[in-house]
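The residues making up each chain are set out below.
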Amino acid sequence: MFGTQDGIQSLRRVLTAYSLRNRTVGYCQSMNFIVAVLLLFCEEREAFWITATLIEDVLPEGFYTRTMLGLHADVRVFESLVVRELPKLADHLAKLELDLPSFATRWFMTLYVNVLPLETVLRVWDVLFIGGSKILLKVGLGILRLLKAEILASTDPMEVYSLFSSGPLRMLDCDALLKASMDSTAMPFRRFSTFVGDMRRNHQEDVCRELGESAEQAARDELDHARRALDSVSFVAHSAELAAADGAKEEEAMQEELESLQEEEVQASSWDSDE
């Protein structure tokens, strides 16, 4: 569908309409994957309203904003959950120096589109609409549980890195993944929801503080850059003034020399006349 001009235009219309509805979000990367899946089964109007419901009611606030505050906080919550629920796997990944947040960010941003097989993605979305955004964290833990044996058996970082990409795409058994996801923690779902809610608030505060510090540092860097640019401009201007002054002096000296030669020529002419 999206290899055709009509499909591309349909996708563009829904994304543009939503960017006009929610200017805080506008368009954020990965939204195109989500809308594209919806358009496989829905008309444009339905796809638009489902997208609005996902972003505004289901997912944490700030998931697709410019700072991605909600997303960054959830990635940190997920890291904490992996350490808590899968400590052996977390230690193994740390020893291999693999960056779990890079994978988790892609998983969450796309709502597992192009991460899991399409049929499995649709089942995950069914549970997501019913259980809320915490399902994304549970499914992430479920994926790691199903891949745990293969990951622990490997000491090659590149092999494990490849496994994070190829492994989920093999998860065609939706029931097995959902069971692993629901059993991913010993806590009842209501307690899990409360636990995650508290962790989200803590991590959001950390992310807000770091974003503020980053913004301040960026402002300082920009000011330093402006000062250096101004110094460069001043240096060039000063050099130009010196060059202009030297040029004026040189021109004045040449003028004086020319006048001197003219005087000598006039004097020589008068001598010739006297003779």
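Residues numbered from 1 in each chain as written. Predicted model: local features only at pLDDT ≥ 70, side-chain atom pairs only at ≥ 80, totals over all residues. Heavy atoms only, no water.

A. Expanded view of helix H8 (residues 134-153). Here H8 is 20 residues long and its end C-alpha atoms lie 29 Å apart, about the 28 Å a rise of 1.5 Å per residue gives. Most pronounced at Leu 147, the bend in H8 amounts to some 55°. (Helix = DSSP H or I, 4+ residues; strand = E, 2+ residues; numbered from the N terminus. Expected span 1.5 Å × (residues − 1). Bend = angle between axes of the 7 residues up to and from the residue.)

B. Fine view of the packing of helix H7 (residues 118-131) against helix H10 (residues 174-182). Orientation of H7 relative to H10, taken along the N-to-C sense of each, is 40°, at an axis distance of 9 Å. The angle between the axes of H7 and H10 places the two elements in the oblique class. Here H7 and H10 pass one another in a crossing that is right-handed. Of the residues in H10, those in contact with Glu 119, Thr 120, Arg 123, Val 124 and Val 127 of H7 are Cys 174, Asp 175, Leu 177 and Leu 178. Taken together, the residues of the contact of H7 with H10 break down into 5 nonpolar, 1 polar and 3 charged. (Axes fitted to C-alpha atoms, helices over the stretch in contact; angles between N-to-C directions. Parallel < 35°, antiparallel > 145°, perpendicular 65-115°, else oblique. Left-handed = near helix turned anticlockwise from the far one by under 90°. Contact = heavy atoms within 4.5 Å. Nonpolar A, V, L, I, M, F, W, Y, C, P; charged D, E, K, R; others polar.)

C. Main features of the pattern of salt bridges. With the rule as written, the count across this model stands at 10 salt bridges. Of the charged contacts, one joins Arg 200 and Asp 74 as a salt bridge, the two residues approaching to 2.6 Å between their closest N and O atoms. Of this pair, Arg 200 sits in helix H11 (residues 189-274) while Asp 74 sits in helix H4 (residues 69-85); the two residues are 126 residues apart in sequence, bridging distant segments of the chain. For Arg 200, a relative accessible area of 9% translates into the label buried. (Salt bridge = Lys/Arg side-chain N within 4 Å of Asp/Glu carboxyl O. Buried < 20%, exposed > 50% of the residue type's maximum accessible area, 1.4 Å probe, protein only.)

D. Region of the structure containing the side chain of Ser 133. Its location among the elements puts Ser 133 in the loop between H7 and H8. If near-sequence neighbours (up to four positions away) are discounted, Ser 133 is found in contact with Val 58, Leu 59, Pro 60, Leu 128 and Arg 200.

E. Representation of the packing of aromatic side chains in the model. Overall, the coordinates contain 10 aromatic pairs when judged by the stated rule. Ring pairs connect the aromatic residues Phe 78, Phe 103, Trp 107, Phe 108, Tyr 112, Tyr 161 and Phe 164, which therefore count as one cluster. Seen from the ring of Phe 195, Arg 84 lies directly overhead, with NZ or CZ sitting 4.7 Å from the centre. The lysine or arginine in question, Lys 138, covers the ring of Phe 192, its NZ or CZ lying 4.4 Å from the ring centre. (Phe/Tyr/Trp six-rings, centres within 6.5 Å; stacked < 30°, edge-to-face > 60°. Lys NZ or Arg CZ within 6 Å of the ring centre and 35° of its normal.)

F. Representation of helix H1 (residues 5-21). Spanning 17 residues, H1 covers 24 Å between terminal C-alpha atoms, matching the ideal 24 Å at 1.5 Å per step. Turning to H1, its buried residues are Gly 7, Ser 10, Leu 11, Val 14, Leu 15 and Tyr 18. Buried residues along H1 cover an arc of 120° about the axis, so they all sit on one side. Opposite its buried face, H1 presents the exposed residues Gln 5, Asp 6 and Leu 20, each directed more than 90 degrees away. (Arc of directions from axis to C-beta.)

G. Just a nonpolar patch on the surface, in detail. Among the surface-exposed residues, Leu 40, Phe 41 and Leu 118 lie close enough to one another that they form a single nonpolar patch of about 300 Å² accessible area. For Leu 40, the position within the fold is in the loop between helix H2 (31-39) and helix H3 (44-58). (Patch = residues over 30% accessible without salt bridge, like charges linked within 9 Å, V, L, I, M, F, W, Y side chains within 5 Å. Areas by Shrake-Rupley, 256 points an atom, 1.4 Å probe, with all protein chains shown as cover.)

H. Structural view of the nonpolar core. Counting residues in each nonpolar core, the largest one holds 70 residues, and the members touching the most others are Tyr 64, Phe 78, Trp 107, Phe 108, Tyr 112, Leu 116 and Phe 164. Element by element, the count of residues in this core is highest for H8, at 9 residues. Here Phe 78 is in contact with Leu 100, Ala 104, Trp 107, Phe 108, Leu 137, Gly 140, Leu 141 and Leu 144, once residues within four sequence places are set aside. (Core = buried A, V, L, I, M, F, W, Y, C linked by side-chain atoms within 4.5 Å.)

I. Broad picture of unusual backbone geometry. Even without a glycine there, the phi angle at Ser 30 is positive, about 85°. Structurally, Ser 30 is set in the loop between H1 and H2. Phi at Tyr 112 is positive, roughly 75°, even though this residue is not glycine. Within the element layout of this structure, Tyr 112 appears in the loop between helix H6 (100-109) and H7. Residue class for Tyr 112 comes out buried when judged on its relative accessible area of 0%.

J. View of the packing of helix H5 (residues 87-95) against H8. Interaxial distance between H5 and H8 falls to 10 Å at its minimum, and their mutual angle equals 50°. Considering the angle they form, H5 stands oblique to H8. With respect to the hand of their crossing, H5 and H8 are arranged in left-handed fashion. Of the residues in H8, those touching H5 at Lys 88, Leu 89, His 92 and Leu 93 are Leu 144, Ile 151 and Leu 152.

K. Inspection of the environment of Phe 103 at higher detail. Examined against the element boundaries, Phe 103 turns out to sit in helix H6. The class for Phe 103 is buried, based on a relative accessible area of 9%. Remark: the alpha-carbon pair of Phe 103 and Tyr 161, spanning 58 residues in sequence, is separated by 9.2 Å. If near-sequence neighbours (up to four positions away) are discounted, Phe 103 is found in contact with Tyr 161, Phe 164 and Ser 165.

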